[in-house]
Amino acid sequence: EDYEYCSMCYSGGYQFGTPTRETPLPGGRLHIKGTWDGWSKHHPVDLAPDGVYHYLARLGESRVERFYFTIEGNDEFALFPAGPRAGPEIRTEGPKPLEEGRHWLIDGRDEDWPEGALLHISLSSDKENGARRVAWEYIQEEGGPSELQKFDHGYCIAGSWTAWG
C-alpha cells in the first residue's frame, strides 16, 4: 500500500481515525480544456448514470497532451492536480481558480501510443471519502487510429540567440 502522495489518494486501511472527506462538486456542467485543440475551447464532459464523467480525445502529433477540468467552462472554478504535469495518482484540487502550470499530463510516448490514438479520460469520486480520481486509457481501434488530430499546432524555437523571445 502506498501513502506517498496524500491521504485522499491512499487506498489502504487506517489504524486510527478515518480518511478526510472531500466536499462534493457544486452544481453545474463539467467541462474539460486541453492541448488537443491548443487550449482553445472548454468541451462539455458526459456524466454517466454511475456518477463518472467521461470524455474522448485524440492524441496529437507530439503524443503528449495536457488538460484540466472546469465547472461551466469557468477557469475560476477549475479542477486540477496538486502538482504540475501530473499523472493520475496525484490529488485533485478545486474547484478554485486555475493555478498556472497545473495540468494532468498524458504522455503517449511512454506507452508507445500512436498519433491519433483515441483516449478515454474519466473523473470519478471515491464512494467512501469523495476523493476525486482522474484516469485515462488508450482505446484500441480496429486497424489503428481512425483519424488524426484536427487541430494544427504551431511551434517556434526560442533561444539565447533570439533573447528568449
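What counts, and where the lines are drawn
Residues numbered from 1 in each chain as written. Predicted model: local features only at pLDDT ≥ 70, side-chain atom pairs only at ≥ 80, totals over all residues. Heavy atoms only, no water. Helix = DSSP H or I, 4+ residues; strand = E, 2+ residues; numbered from the N terminus. Buried < 20%, exposed > 50% of the residue type's maximum accessible area, 1.4 Å probe, protein only. Contact = heavy atoms within 4.5 Å. Core = buried A, V, L, I, M, F, W, Y, C linked by side-chain atoms within 4.5 Å. Polar contact = N/O pair within 3.5 Å; in protein donor to acceptor, adjacent residues only side chain to side chain. pLDDT = per-residue confidence, 0-100. Pairing = 2+ DSSP bridges. 1 Å grid on protein atoms, 1.4 Å probe; cavity = no way out; pocket = protein on both sides within 12 Å on 5 of 7 lines; lining within 4 Å. Points joined across faces, edges and corners; volume = space filled by probe spheres on them. Nonpolar A, V, L, I, M, F, W, Y, C, P; charged D, E, K, R; others polar.

1. Topic: the overall build of the protein
Thought 1: When helices and strands are counted, the protein shows one helix and ten strands.
Thought 2: Secondary structure elements of the protein occur, N-terminal to C-terminal, as β-β-β-β-β-β-β-β-α-β-β.
Thought 3: Counting the 165 residues in the protein, one finds 39% classified as buried.
Thought 4: In the protein, once contacts between residues fewer than 6 apart in sequence are set aside, the share between residues at least 24 apart is 58%.

2. Examining the nonpolar core
Thought 1: Judged by nonpolar contacts, the single largest core of 22 residues is most densely connected at L30, I32, F67, F69, I121 and W136.
Thought 2: Secondary-structure elements contributing two or more residues to this core are β1 (30-34), β4 (53-58), β5 (64-71), β8 (104-107), β9 (118-125) and β10 (132-139).
Thought 3: Beyond its immediate sequence surroundings of up to four residues, L30 is in contact with H43, P44, V45, Y53, F69, T70, I71, L79 and L123.

3. Quick look at the side chain of E141
Thought 1: With respect to the secondary-structure elements, E141 resides in the segment after β10.
Thought 2: In terms of polar contacts, E141 uses its side chain to reach the side chain of R58, at 2.7 Å.
Thought 3: Here E141 is in contact with R58, G116, L118 and S146, once residues within four sequence places are set aside.

4. Some remarks on the confidence of the model for the protein
Thought 1: In the predicted model, the protein carries a mean pLDDT of 85, and the fraction of residues at 70 or more is 82%.
Thought 2: Within the protein, strand β7 (residues 92-96) has the poorest average pLDDT of any element, 93, and β1 the best, 98.
Thought 3: Confidence over residues 1-5 falls short of pLDDT 50; this stretch has eight contacts with residues more than four positions distant or in other chains.

5. Description of the sheet that holds β4
Thought 1: Pairing is antiparallel in the open sheet, where four strands are placed in the order β3-β4-β9-β10. Only two strands of the sheet have a single partner each, and these edge strands are β3 (46-47) and β10.
Thought 2: Here β9 runs beside β10; their pairing, made up of eight bridges, is antiparallel. Bridged to L119 within β10 is Y138.

6. Some points on the layout of surface pockets
Thought 1: Within this model, the largest pocket holds a volume of roughly 220 Å³.
Thought 2: The element best represented in the lining of the largest pocket is β9, accounting for three residues.
Thought 3: Of the residues that constitute the lining of the largest pocket, the class distribution is seven nonpolar, seven polar and three charged.

7. Some remarks on the pairing of β1
Thought 1: Counting buried residues along β1, five of its five residues qualify, which places the element largely inside the surrounding structure.
Thought 2: Residues of β1 alternate between two faces, with L30, I32 and G34 on one and H31 and K33 on the opposite face, all of them buried.
Thought 3: Note that β1 and β5 share five bridges and pair antiparallel. Each residue of the ladder has a partner; that of I32, found in β5, is F69.
Thought 4: One ladder, built from two bridges, connects β1 with strand β2 (residues 43-44); its direction is antiparallel. Among the inter-strand pairings, H31 is bridged to a residue of β2, identified as P44.

8. What to know about unusual backbone geometry
Thought 1: That bond from G94 to P95 is cis: its omega, 10°, falls within 30 degrees of zero.
Thought 2: Mapped onto the secondary structure, P95 falls in strand β7.
Thought 3: Although it is not a glycine, R63 adopts a positive phi angle of roughly 65°.
Thought 4: By the element assignment, R63 lies in the loop between β4 and β5.

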